[in-house]
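Tertiary structure, described
Listed here are the chains, written in short residue letters.
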Amino acid sequence: MAYKVPFVDARKHYALYKEEIDGAIHDCLSNGDMIYRRHLREFEEHLAAYVGTKYAIGLNSGYHALAFALMGVGIQPGDEVITVAHTFVATVSAIIHAGAKPVLIDVSEDYNMDLDQLEAAITPKTKAILPVHLNGRVCNMDRLMAIADEHGLLVIEDAAQALGGRYGDKRGGSFGIAGCFSFYPFKTLGGFGDGGAITTNDEKLAMYARRIRFNGEDRETGEYHHHGFTALLDNVQAAVLDVKLTKHFDNWIGHRRAMADRYRQGLQGVGDLRLPHFSDPKNWDNYQNYVIRTKHRESLRAHLKENGVETLVHWARPMWDHKGLELGTPDLPETASISREVISLPMSAELTPEHVDIVVATIKAYFERA
Ligand SMILES: *Cc1c(COP(=O)(O)O)cnc(C)c1O
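Along each chain, the written sequence defines residue order, and numbers are assigned to residues from 1. At least 70 in pLDDT is required for a residue's local features to be given in this predicted model, at least 80 for side-chain atom pairs to be given and counted, and no such filter applies to totals for whole chains, interfaces and linings, which use all residues. The side-chain figures draw on all heavy atoms in the structure; neither hydrogens nor water molecules are used.

**Observations regarding the layout of surface pockets**
Note the following rule: A cavity, in this analysis, means grid points on a 1 Å lattice covering only the protein atoms where a 1.4 Å probe fits yet has no way out; a pocket is instead an open set bounded by protein on both sides within 12 Å along at least five of seven lines, and a residue lines either one if it has an atom within 4 Å of a point. Grid points are joined across faces, edges and corners, and a volume is the space filled by probe spheres set on the points. Helix and strand assignments come from DSSP, with helices taken as H or I runs of at least 4 residues and strands as E runs of at least 2, each series counted from the N terminus.
Considered as a void within the structure, the largest pocket measures approximately 580 Å³ in volume. Lining of the largest pocket is provided by 28 residues; of these, Phe-88, Gln-161, Tyr-184, Lys-187 and His-314 occupy positions nearest its centre. Of all elements in the fold, only α3 (62-72) and α4 (89-97) reach the threshold of two or more residues within the lining of the largest pocket. Top contributing element to the lining of the largest pocket by residue count: α3, with 3 residues.

In structure tokens:
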């Protein structure tokens, strides 16, 4: 069915930037630049400068950014890594594939790691903390880094949803030893397929990531330093991402923030809704997602769908419910209740004020009828 308000609109996005995107692709293809060329290096430089780190290393996915960051800082079998269950499964899979044990703790009402519960989860085996900056909101990194420093723990940030988001005057992905980004098409900075990157100030980690993505080879010397993977960010993806990052990205975030504000004005006080606006003045969110909570999720979603508004749910079941993931049954009440209550409303750089007004009016009509 054709939605009046689609969740995102990939065709409109392409139509708006077609000339520049086609130009970037054409530039690569006509010069035969496919793998590890100028466009990749340029994008990495621009990304590092944007995030505020010395290095950025382009990879084929956000998952590999997480996995290589964990491996690169020396996480090993027997180690524990503390993270949250309310995240995309890749966060936890990366810890498992590094051979370590994920220790899952609960989130607060702002969907990020509940730092009141962090210290109690630290054991002699804990090596790292892996906070997730969910929905484009950076965790309270002043407090998290202080706890990590006190206990001598590494911090690897899952910043897959948080490019451009800030805590205080620093951007997500620049606090810990590594920041991990994803350029999946519907992230705030999206390619036309999978992509990702690690950001870091650590020269050793940067060198490790550059080699591990290229089968262990040092491209300058031809030396294979260890067994690696084939996991480069494709040159053509990098060229397209570079155009988007350097020419449009800040405008897109500004637009998302304006649309989030319009949702807030329209939906404040409506029904039992809880909106994603929280009190910490140090947060500057990118609104990767605009997530609301209600006890009437299923019927409200059905009403929105009947009226042409597409919504998604991130995520409908707690991760540990998927028995194949073998995560046991942790007691994380906030995560469990979030899983029952959240709806992600349409949000993207292409969303218009008129779209937001339709969504708001549809939601208001639902609660007036009820
Ligand atoms: C998208 C995402 C990832 C992984 O990204 P891929 O590029 O799809 O591998 C990891 N963590 C979070 C929170 C994400 O949203």
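**Section: the sheet that holds strand β10 (residues 283-284)**
In any sheet, the strands associate via hydrogen bonds between backbone groups, in a parallel or an antiparallel arrangement. Let me state the cut-off plainly: By the convention used here, strands pair only if DSSP detects at least 2 bridges between them.
Strand order in the open sheet formed by 3 strands is β7-β6-β10, and the pairing between neighbours is antiparallel. Both edges of this open sheet fall to β7 (170-171) and β10, since each of them pairs with a single strand only. Of the strand pairs in this sheet, strand β6 (residues 166-167) and β7 are connected by 2 bridges, and their pairing is antiparallel. Among the inter-strand pairings, Arg-166 is bridged to a residue of β7, identified as Arg-171.

**What to know about the packing of helix α1 (residues 10-31) against helix α7 (residues 235-247)**
Any two packed helices are characterised by how steeply their axes cross, that is the angle between the axes, and by the distance between the axes. So the rule is basically this: Axis lines are fitted through C-alpha atoms, for helices just across the contact stretch, and the angle between N-to-C directions can take any value from 0 to 180 degrees. Throughout, the term roughly parallel applies to angles under 35 degrees, roughly antiparallel to angles over 145, roughly perpendicular to angles from 65 to 115, and oblique to all others. Handedness of a crossing is defined here by the sense of rotation of the near helix relative to the far one, left-handed for an anticlockwise turn of less than a right angle and right-handed for a clockwise turn. Residue contacts are counted whenever heavy atoms from the two residues lie within 4.5 Å of one another. The residue classification treats Ala, Val, Leu, Ile, Met, Phe, Trp, Tyr, Cys and Pro as nonpolar and Asp, Glu, Lys and Arg as charged. All others, Gly included, are polar.
Their axes nearest at 9 Å, the elements α1 and α7 cross at an angle of 135 degrees. If you check the angle between α1 and α7, you find them oblique. Pair α1 / α7 crosses with right-handed handedness. Residues His-13, Glu-20, Ile-21, Ala-24, Ile-25, Cys-28 and Leu-29 of α1 pack against Asn-235, Val-236, Ala-239, Val-240, Val-243, Lys-244 and Lys-247 of α7. Of the residues assigned to the contact of α1 with α7, the class counts are 9 nonpolar, 2 polar and 3 charged.

**Observations concerning the side chain of Ser-339**
With respect to the helices and strands, the residue Ser-339 is situated in helix α10 (residues 333-341). Leaving out residues up to four positions away in the same chain, Ser-339 has contacts with Arg-297, Trp-315, Ala-316, Arg-317 and Pro-318.

**Focus on the nonpolar core**
Nonpolar side chains in soluble globular proteins tend to end up buried together. Rules: Take the buried Ala, Val, Leu, Ile, Met, Phe, Trp, Tyr and Cys residues and link them wherever side-chain atoms come within 4.5 Å; each set so joined is a nonpolar core. Partly exposed residues are those whose accessible area sits between 20% and 50% of the maximum for their type, while under 20% is buried and over 50% is exposed, using a 1.4 Å probe and protein chains only.
Core analysis: the biggest nonpolar cluster contains 62 residues, and Phe-43, Leu-47, Met-113, Leu-118 and Leu-163 have the highest contact counts within it. Secondary structure elements with two or more residues in this core: α1, α2 (38-51), β2 (80-84), β3 (101-105), α5 (141-151), α7 and α8 (249-267). When residues of this core are assigned to their parent elements, the largest contribution, 7 residues, is made by α7. Counting residues in each nonpolar core, the second largest holds 28 residues, with Ala-69, Ile-75, Cys-180 and Ala-209 among its members.

**Topic: the side chain of Glu-80**
Structurally, the position occupied by Glu-80 is in strand β2. Dropping the residues within four chain positions of it, Glu-80 is found in contact with Lys-101, Val-103, Thr-123, Lys-125, Thr-126, Lys-127 and Ala-128.

**Looking at the pattern of salt bridges**
To keep things clear, this is the line we draw: One speaks of a salt bridge when a side-chain nitrogen belonging to Lys or Arg is within 4 Å of a carboxyl oxygen belonging to Asp or Glu.
The full count for this structure, using the stated rule, is 21 salt bridges. The shortest N-O distance in the salt bridge between Glu-42 and Arg-38 comes to 3.6 Å. Linking Glu-42 with Arg-38, this pair stays in helix α2, spanning 4 residues, or about one helical turn. Of the charged contacts, one joins Lys-282 and Asp-142 as a salt bridge, the two residues approaching to 2.5 Å between their closest N and O atoms. Residue Lys-282 is found in the loop between α8 and β10, and its partner Asp-142 is found in helix α5; the two are separated by 140 residues along the sequence. Residue classification places Lys-282 among the partly exposed residues on the basis of a relative accessible area of 38%. The structure contains a network of salt bridges with shared partners spanning Arg-293, Lys-295, Glu-334 and Glu-341.

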